Amino acid sequence: AGDVAGDVAGDTTAASIELVVPEAGDDVSETDGARVLPPETSATVSSLVETVVRLMHSLAEYGLPQFQEKSWLDRGQMFAALENLCKEKVMLADFVLLKRRLLQLSLSSMVQEVNNSGLSNNVRLESARQLFELVEVLLFDAQKETAPVMPDVFDSNQLFSIDILDNCYRLAEVFYVWESGVTGSAIQIRRIVLRLLLAYAVQLQQDLCAAAVSRLQPVLRNNVFPADVISYVLMKLHQAMTSSSSQGHDNLNYFLLPILHVVIQQHGETLQLQDSLPGLPDPTRSSNFQHEFLKFITTDSWQLWVDTELDSSYQAYLRVPFKSGLVKSGELWMNSCQLWQRNELLLQHMQSESNDLVNKASLDPFYSCRLSERERHVVLEEQLTNQHLSTLHQWKTTKRLFSGERDPWATGVSEDVFWKLDRAENFSRMHIKLVRDFTGNSHRDASMARDQAEIAAAGGNQGNTGTIPQTLKVQKEARVRNMQQDRLGDEEWSLLTAAMTAKNNEESTDTVVHRQTCTMITLMHTVRGELRITSNHIYFFDSRPHAQRDEGSGGDYVWSLDQLREIHLRRYNLRRSALELFFIDQTNQFLNFDTVKVRDKVYRFIFALKPPNVIYNQARSPAELLHQSGLTKKWVHRQISNFDYLMQLNTIAGRTYNDLSQYPVFPWILSDYTSEKLDLTDPQTFRPLERPVGAMNPDKDEELHAKYESFEDPSGVMDKFHYGTHYSNAAGVLHFLLRLEPYTTLHIQLQSGKFDVSDRQFFSLPSSWSTLVKNPNDVKELIPEFYYLPDFLKNINRFDLGHLQTGFRVGDVELPPWASSAEDFIRKHREALESDYVSEHLHNWIDLIFGYKQRGEAAVEALNVFFYCTYEGAVDLDAITDDHERRVAESMINNFGQTPSQLFQDPHPHRLSTPAAGKIRTQQEARAMAAKMPSIFTDLKSLKASFVEVSDASDPVILLAIPPQQSHSFIHHGMPDTLISVSQSGLLGLHGWLPHSNSKQQSFTFNFDPTLVSKSTRQRLSQSFAPGLLLTSKLFAYSQDGRLLLTAGHWDNSLRVVSIVRGRPRSTTTIYHHHDLVTCLCVDSAGLFVIAGSRDTSCTIWKIVLQAGSASQLASKPVQTLFGHNAAVTSVAISVELDMALSGSQDGTVIVHTIRQGLYVRTLSTMPSPLFQPNIATPATRPSAAAAARRVESTDGTTASLLTQLDSPLSSCTPTRGPGMGSVSTGQMSQEMAGRDLGPEAEASMMSMNSYVGATPTGAGVIAGTGGGAGKPSAALPLITYLLVTESGHIVMTSTTKNGNQSKHEIVTYTVNGVHLCSTTMSRKPAALLCHENYIIIADGNRVRVRSLTSLAVVHEVSANASINSLHIAPDGTHLLLGLKDGKMVVFSIAR
């Protein structure tokens, strides 16, 4: 029984049996109608019926002798019993289907038994005949064989199955029934199988028909049959084709004609068809036999031959074999029924005695089975819900992709747009980019809940007091007095087995190395899932069902080990159980594990795989990591900024953007929030950085000392403290980031579903500072956003934040008088952070937060002791045995805040002054500094020019490039880097370059490419550039490691990849994707992606494939294809760390997309209003035209437009169209372009542009005519000439507008979020544009101007002897390289 049950459970091919039950209210014995069982019970009963059938089959096969005549009589009783059970409605199934199922199982068993034994003797043959006759009785009605119509055509007959056909065919093959000369039972089996094949072949279900045809053709082709058999086959096929044609099933003929072809070709001589039918097409010669045969069977000669000769042979074949088979089957069936009736009487007597016991024993299994089925039904419903949600999410994603302003589904209807802060970081760990919040809302309910709640008469900013509630106390056994460093000892690394090391040396197959459950920690959610480490990737699989996932949260992730840059040991809820992974594309993930040991094991497994790009390759404590990095020394010598140093300290100390309780902490640095002008030279402007933020007011010192000394905890659990709250906690972070999603939602959750009282919100910087000084309970330090993100100070989502008690409506944050806008405040606040005063005193604040004053007696003396639960290692949650107590402690730690890891045990060194940092103190340092030139931007006035002959005036250089991430093997260490040059004719030079020299006359080493000396050795790029195309630097790009050179501008619209490893250029890949000329290329700073723009108005983003950390080729398919422009793309830029792809076009617009999802973000333009208006501002709040056009004078005397009144990013920009102006046709676009000087490339592209015809989406940015019809453009469109995005998140573009004989050249800057900063005009068209740190370098004519990134003011200017073709800055900014039209290269550096 156990074996049978196992067979049933493991059978996945069991046929479904339709269940029937009497109509409700009818007597079972008199019921005529039947209905299908309800879904909740049909599956259960069907399973039970299948179990009974399998049990009966097992008894019939294994409980009886298999090949004896008496055994078939006993098997017949089983069929009789089943028929009676079905008639009496005891078995809720159709008897015919049950019988078919039993026969199907019997056929399968016989096939298996014969195959296993390898024997096919006469005993088995006779048993097979019995089985085949039962199958024939089941499937056919013999009386119909004499009918003149097609007898065996069924439309979706449920009795027919491929399993029966397959098993019958296999048995026929085993018993060799197709061979000539067979007798007896073999002939009978052949007759039945042949009838079965023909019946299946004429089925309307194509799968049944195809299965039969595929088996029938080789049987007829490879065997010899008597004439009567061939006549039977031919007559059946003729009847089927005649009937199918009359019933409209002509498609059946396509399956039957190949069989007829085989019959006539192989057995035509047997029937003497050529003599009887002289007009019959010859199957061996005619190439179109089937078509000719279809015509022939409609002739009178064919019909006459069928009616006379073929029909007589057919009827003779039917007489004897069919009748004998029916007689034997009938006798067997009658004897079986009689024997069953006698046995049934005996069984009823036995059942009456055991009926009570059977009923009792069956109740428990029944209820158990019903419960399991109900649970299965719930699971099924949940799966269907998950599938629905997943499909809905895919649909929403698709809709967003196509519903942007410039996408095909754009409606043109203005809608509310909400924004949220993106997780993308730049290299300084700044979250500076906003993205569309498709699930965002205005939180009206939270505003109403606040208004309806009772407002307290008075309260602190966060309602925190110095009194510690009883629930904050934890058990004594959870206290940790002696904290150990969080690191992995050397002995733990030895636990890695030799098998793991051997696995690393194998070929890179993505095999699973380790699996571990963990929790992904994000701002909004904690996601439970499984971490899977393979030899090449790290996977995270979300274990939650789709129904429990919010849109945009959780999901499955995969990260390549090649992209892993850093991995740090982290705390979560003061437990050292987490890891934070940092990747090259500036993304990061925070993972928490159940225990410290599990975390350490995962850490070791990852490092055992030896990720190639990991910076720190050993597990060290945070203090050791800091010492190893050398960051403190760099900061002391002013090699990195104050901001970068503080951010790195936060990162190493465990502060993360992924956990609000461990958010990065930055200092208040100013104390002047009331003056009209900020004076950074006055020490009174700054906060005393040597004092904690809670002790700003010296008058409170005695009170804080008394509070510390007087505190006593009788239980001995809590230590003394100065402050009952913390300077960095979740509530404090949400207090500052209230206006920015997703922090708005988190703030509402923290406040129990409503906004906090308006007077307690962050509404004013001057007020916040005043409260901080006066209120001893407010000890909040700042967050990094105060130094780089102006958008968190603006209510860009227009939340209803209520009114103050004074009646003032809370909106944007009130700024100090010395700040004209949020952008201006951030810029000046950052300047204050980098000022001399802060640089000289910042080490005091570091001592308080990260250093020796964080703990111990030094902290007591500095009034810097906080509540004990905020310190690292103070509480061991695993020691708390009570679950409720542990949850309380975890909740308290999560919301109360955590002190960073202590990085310094001694006083932090102070930063050198600028003059002192420039002095070289030792001869060793002097030699080191002599070998490395300083950045030219440290002293622009001391630049010195050197000239190098690279080419000549007949073929000037258009591209100069030194890839910044070139690597050399140990053998080639110290060898020069590669300087790439490309001339106007495509001549490629691979020169040697070193940023230093032993010569006093020159500050660099340049090794001219010897292959350029002789014409026979010169290396020229592909000759396939478009005819008449003027090569520019925008047609070329290179990988950051200098191994690949990408070229565009080819006549076949291709993008080509050239390998330039070891100075030997070799074309590796040619990619065809665009429909017109590729006009521009750009590679991101991380060397992961390249973006290409084309005349066909589209852009493509390609992934650079890395092998062993080096660029090898481009992926075969683009990551994204971006659309939206109305004219050719002229310039592109890309930033992988900000997830931004930008494209500028001849239509005067710059479109911003995301890289990873290809989503449209916004459209920017160099043109002022009214072409582009932010549709997220209401008429009441939109700035006036005068305010929008306000002009300010820049320092270089040019006029710069500074838009400071916009309340939100310039995003959803809807163009203004003239009356009656529908879509802009290609012809209209051509007319608009006709009045502009687009250059030879653009003019050549106009013919290809005519092929792109279609409606212009709303927001496309095309200048419409002022009248109806096509009209003339109201203004000339600016051509975007150059475009770039900086690491700090500034978008810089240059444009040229030609109106008649006059040209206007302009440079414009935006923030990464689309806020227009400033713009200025230029006297000449720019020839090159670069950006380095806070400077913009522009070449026009023979002059190079260095401009300030923030104001566009000219900082410095140098000139050359000839016009400039190309511009490049060496790595680290040590040299400025100019390519001139006379063939020379000019190198600027600081004079030695």
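Here the structure is shown first, and the text comes after it.
Of the regular secondary structure elements, the chain holds 34 helices and 45 strands. Expressed as a percentage of its 1392 residues, the buried residues of the chain come to 53%. Across the chain, contacts joining residues at least 24 apart in sequence account for 63% of those joining residues at least 6 apart. For the chain, the exposed area adds up to about 62100 Å²; of that, 52% sits on carbon and sulfur atoms.

Moving on to unusual backbone geometry. Note that the residue after Glu741, namely Pro742, is joined by a cis bond; omega there is 5 degrees. Along the polypeptide, Pro742 turns up in the loop between α22 (730-736) and α23 (743-750). Phi at Gln272 is positive, roughly 55 degrees, even though this residue is not glycine. Note on placement: Gln272 falls in the loop between α10 (253-271) and α11 (273-276).

The next subject is the packing of helix α7 (residues 185-201) against helix α9 (residues 227-246). Close contact between α7 and α9 brings their axes to 11 Å; oriented N to C, the two are set at 20 degrees. Of the possible angle classes, the one that applies to α7 and α9 is roughly parallel. When the axes of α7 and α9 are compared, the crossing they make is right-handed. Residue-level inspection shows Arg190, Leu194, Arg195 and Leu198 of α7 in contact with α9, the latter providing Val229, Tyr232, Val233, Lys236 and Leu237.

Moving on: the sheet that holds strand β27 (residues 1129-1135). Taken in spatial order, the four strands make up an open sheet running β27-β28-β29-β30, and their pairing is antiparallel. Edge positions in the open sheet fall to β27 and β30 (1160-1165), since each of these has one partner strand only. Pairwise comparison of adjacent strand axes, ignoring direction, gives a mean angle of 20 degrees for this sheet. Pairing of strand β29 (residues 1149-1153) with β30, which is carried by five bridges, proceeds in the antiparallel orientation. Across the sheet, residue Thr1149 finds its bridge partner in β30, namely Ser1165.

Tracing the backbone through its elements, the reader meets Thr1320 in strand β38 (residues 1316-1322). The exposure class of Thr1320 is buried, given its relative accessible area of 1%. Considering only alpha carbons, one finds Thr1320 and Glu1306, 14 residues apart in sequence, at a separation of 5.7 Å.

Glancing now at the side chain of Gln203. Along the polypeptide, Gln203 turns up in the loop between α7 and α8 (206-222). Separated by 2.9 Å, the side chain of Gln203 and the backbone oxygen of Ala199 make a polar contact.

Right, let's get into the pairing of strand β5 (residues 512-521). Residues in a regular strand point their side chains to alternate faces of the sheet. The buried fraction of β5 amounts to seven of the 10 residues, a majority that puts the element mostly inside the structure. Sheet topology places β5 next to strand β6 (residues 526-534); nine bridges connect them, and they run antiparallel. Within the sheet, the bridge partner assigned to Cys518 lies in β6 and is Gly529. In textbook terms, the turn of a hairpin is the stretch between consecutive antiparallel strands, and for β5 and β6 this stretch comprises four residues. Bridge count between β5 and strand β11 (residues 588-592): three bridges; the pairing is antiparallel.

The next subject is the sheet that holds strand β44 (residues 1376-1380). Read from one edge to the other, the open sheet built from four strands follows the order β12-β45-β44-β43, with strand pairing classed as antiparallel. With one partner strand each, in any of the chains shown, β12 (943-949) and β43 (1364-1369) form the two edges of the open sheet. The average undirected angle you get between the axes of adjacent strands in this sheet is 20 degrees.

A few words now on the nonpolar core. Formed by 119 residues in total, the largest nonpolar core has its most connected members in Phe786 and Phe850. Per-element accounting of this core gives the leading share, seven residues, to helix α26 (residues 836-849). With near-sequence residues (within four places) excluded, Phe850 lies in contact with Leu649, Asn650, Ala653, Val665, Trp845, Pro900, Ser901, Gln902, Leu903 and Phe904. With 97 residues, the next largest nonpolar core counts Ala93, Leu134, Ala186 and Ile297 among its residues.

Now for the packing of aromatic side chains. Within the structure shown, the criterion is met by 40 aromatic pairs. Relative to Phe799, the ring of Phe755 has its centre 6.2 Å away and its plane inclined at 45 degrees; by these criteria the two rings are tilted. With Phe755 in the loop between α23 and α24 (765-774) and Phe799 in the loop between α24 and α25 (822-833), the pair connects residues that are 44 residues apart, well separated along the chain. Classification of Phe755 by relative accessible area gives buried; the value is 1%. Relative accessible area serves as the criterion here: at 3%, Phe799 is assigned to the buried category.

Our next topic: helix α28 (residues 883-896). In this model α28 runs 20 Å from its N-terminal to its C-terminal C-alpha over 14 residues, within 8% of the 20 Å that 1.5 Å per residue would give. All of the buried residues in α28 are Ala889, Met892, Ile893 and Phe896. For α28, the angular spread of the buried residues around the axis is 95 degrees, confining them to a single face. One or two residues past the end of α28 sits Gly897, with phi positive at roughly 110 degrees.

The N-to-C vectors of α8 and α10 enclose an angle of 10 degrees; their axes lie 10 Å apart at closest approach. It follows that α8 is roughly parallel to α10 by the angle criterion. Contacts between α8 and α10 involve Gln206, Cys209, Ala210, Val213, Leu216, Gln217, Leu220 and Arg221 from the former and Phe255, Pro258, Ile259, Val262, Val263, Gln266 and His267 from the latter. A breakdown of the residues in the contact of α8 with α10 according to their chemical character gives 10 nonpolar, four polar and one charged.

Next up on the list: helix α12 (residues 289-296). For α12, the complete set of buried residues consists of Phe289, Phe293 and Phe296. Seen from one end, α12 has its buried residues packed into an arc of 55 degrees, which puts them on one side.

The next subject is the pairing of β43. Across the six residues of β43, six count as buried, placing the element largely inside the fold. With five bridges connecting them, β43 and β44 associate as antiparallel partners. Residue pairing in the sheet places Ile1364 in a bridge with Leu1380 of β44. Between β43 and β44, which pair antiparallel in sequence order, lie six residues; one of them, Asp1372, sits at a positive phi of approximately 70 degrees.

Calculation criteria
Residues numbered from 1 in each chain as written. Predicted model: local features only at pLDDT ≥ 70, side-chain atom pairs only at ≥ 80, totals over all residues. Heavy atoms only, no water. Helix = DSSP H or I, 4+ residues; strand = E, 2+ residues; numbered from the N terminus. Buried < 20%, exposed > 50% of the residue type's maximum accessible area, 1.4 Å probe, protein only. Contact = heavy atoms within 4.5 Å. Areas by Shrake-Rupley, 256 points an atom, 1.4 Å probe, with all protein chains shown as cover. Axes fitted to C-alpha atoms, helices over the stretch in contact; angles between N-to-C directions. Parallel < 35°, antiparallel > 145°, perpendicular 65-115°, else oblique. Left-handed = near helix turned anticlockwise from the far one by under 90°. Pairing = 2+ DSSP bridges. Polar contact = N/O pair within 3.5 Å; in protein donor to acceptor, adjacent residues only side chain to side chain. Core = buried A, V, L, I, M, F, W, Y, C linked by side-chain atoms within 4.5 Å. Phe/Tyr/Trp six-rings, centres within 6.5 Å; stacked < 30°, edge-to-face > 60°. Expected span 1.5 Å × (residues − 1). Arc of directions from axis to C-beta. Nonpolar A, V, L, I, M, F, W, Y, C, P; charged D, E, K, R; others polar.

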